[in-house]
Amino acid sequence: MAVQRFHVGPRLSEIAVHNGTVYLAGQIAEDTKQDITGQTREVLGHVDRLLAQAGSDKSLILSTQIYLSDMANFAAMNDVWDEWVPNGNTPPRATVQAKLANPECLVEVVVFAAQRS
């Protein structure tokens, strides 16, 4: 099966789709002046938009990895996550503290999802 890529750049693609599975690159906030709540909302908005472009949505997420620059932001990030994630469709998830490439980024989210049938 072929791999379909979206928003292909010199270093990465924002989306790859293979065999009905959608793989998103790590999503970060563009407005890094926001606090963790604002950055998390923006990042999850990117996830929504990219999944829609690939024929998927947040109810079809198979797995999520969340990277926080500081675990002190865990509770505030979870508040936004809990509002966003659909009840009954919460995916397996890992959350870790990591030194992110851009020190102004507070959160990065990686998502794998199924395409709609």
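Residues numbered from 1 in each chain as written. Predicted model: local features only at pLDDT ≥ 70, side-chain atom pairs only at ≥ 80, totals over all residues. Heavy atoms only, no water.

By the naming in an unreviewed UniProt entry, the protein chain goes by Enamine deaminase RidA (YjgF/YER057c/UK114 family) and is assigned to Mycetohabitans endofungorum.

As for the environment of I66
Inspection of the secondary structure puts I66 in strand β4 (residues 61-68). Assessed through its relative accessible area of 1%, I66 is described here as buried. Sequence separation between I66 and G26 is 40 residues, and the spatial gap between their C-alpha atoms is 8.9 Å. Excluding its chain neighbours within four sequence positions, the residues that come into contact with I66 are M77, W81, R93, A94, T95, V96, V107, E108 and V109. (Helix = DSSP H or I, 4+ residues; strand = E, 2+ residues; numbered from the N terminus. Buried < 20%, exposed > 50% of the residue type's maximum accessible area, 1.4 Å probe, protein only. Contact = heavy atoms within 4.5 Å.)

Concerning the sheet that holds strand β5 (residues 93-97)
Strand order in the open sheet formed by six strands is β1-β2-β3-β6-β4-β5, with mixed pairing between adjacent strands. At either margin of the open sheet sits one strand with a lone partner, and together these are β1 (4-8) and β5. Taken pair by pair, the neighbouring strands of this sheet meet at an average axis angle of 10 degrees, ignoring direction. Sheet topology places strand β2 (residues 13-18) next to strand β3 (residues 21-24); four bridges connect them, and they run antiparallel. (Pairing = 2+ DSSP bridges. Axes fitted to C-alpha atoms, helices over the stretch in contact; angles between N-to-C directions.)

Focus: the pattern of salt bridges
In this structure the tally under the stated criterion is three salt bridges. Between E104 and K33 there is a salt bridge, and its shortest N-O distance comes to 3.5 Å. Of the two residues, E104 is situated in the loop between β5 and β6 (107-114) and K33 in the loop between β3 and α1 (36-53); the sequence distance between them amounts to 71 residues. Classification of E104 as partly exposed rests on a relative accessible area of 39%. (Salt bridge = Lys/Arg side-chain N within 4 Å of Asp/Glu carboxyl O.)

Concerning the environment of R116
Inspection of the secondary structure assignment puts R116 in the segment after β6. Contact partners of R116, with chain neighbours within four places excluded, come to A52, G55, S56, D57 and L60. At 3.5 Å, the side chain of R116 forms a polar contact with the side chain of D57. (Polar contact = N/O pair within 3.5 Å; in protein donor to acceptor, adjacent residues only side chain to side chain.)

A short note on the packing of aromatic side chains
Within this structure, the stated rule accounts for two aromatic pairs. For the ring pair Y23 and F112, a centre distance of 5.2 Å and an interplane angle of 65 degrees mean the geometry is edge-to-face. On the criterion of sequence distance, the pair formed by Y23 in strand β3 and F112 in strand β6 is long-range, its members being 89 residues apart. Ring centres 5.3 Å apart and planes at 50 degrees place the aromatic pair W81 and W84 in the tilted group. Of the two residues, W81 and W84 both sit in helix α2 (residues 74-84), three residues apart, roughly one turn of that helix. Relative accessible area serves as the criterion here: at 11%, W84 is assigned to the buried category. Residue placement shows R93 over the ring face of W81; its charged tip is 5.2 Å from the ring centre. (Phe/Tyr/Trp six-rings, centres within 6.5 Å; stacked < 30°, edge-to-face > 60°. Lys NZ or Arg CZ within 6 Å of the ring centre and 35° of its normal.)

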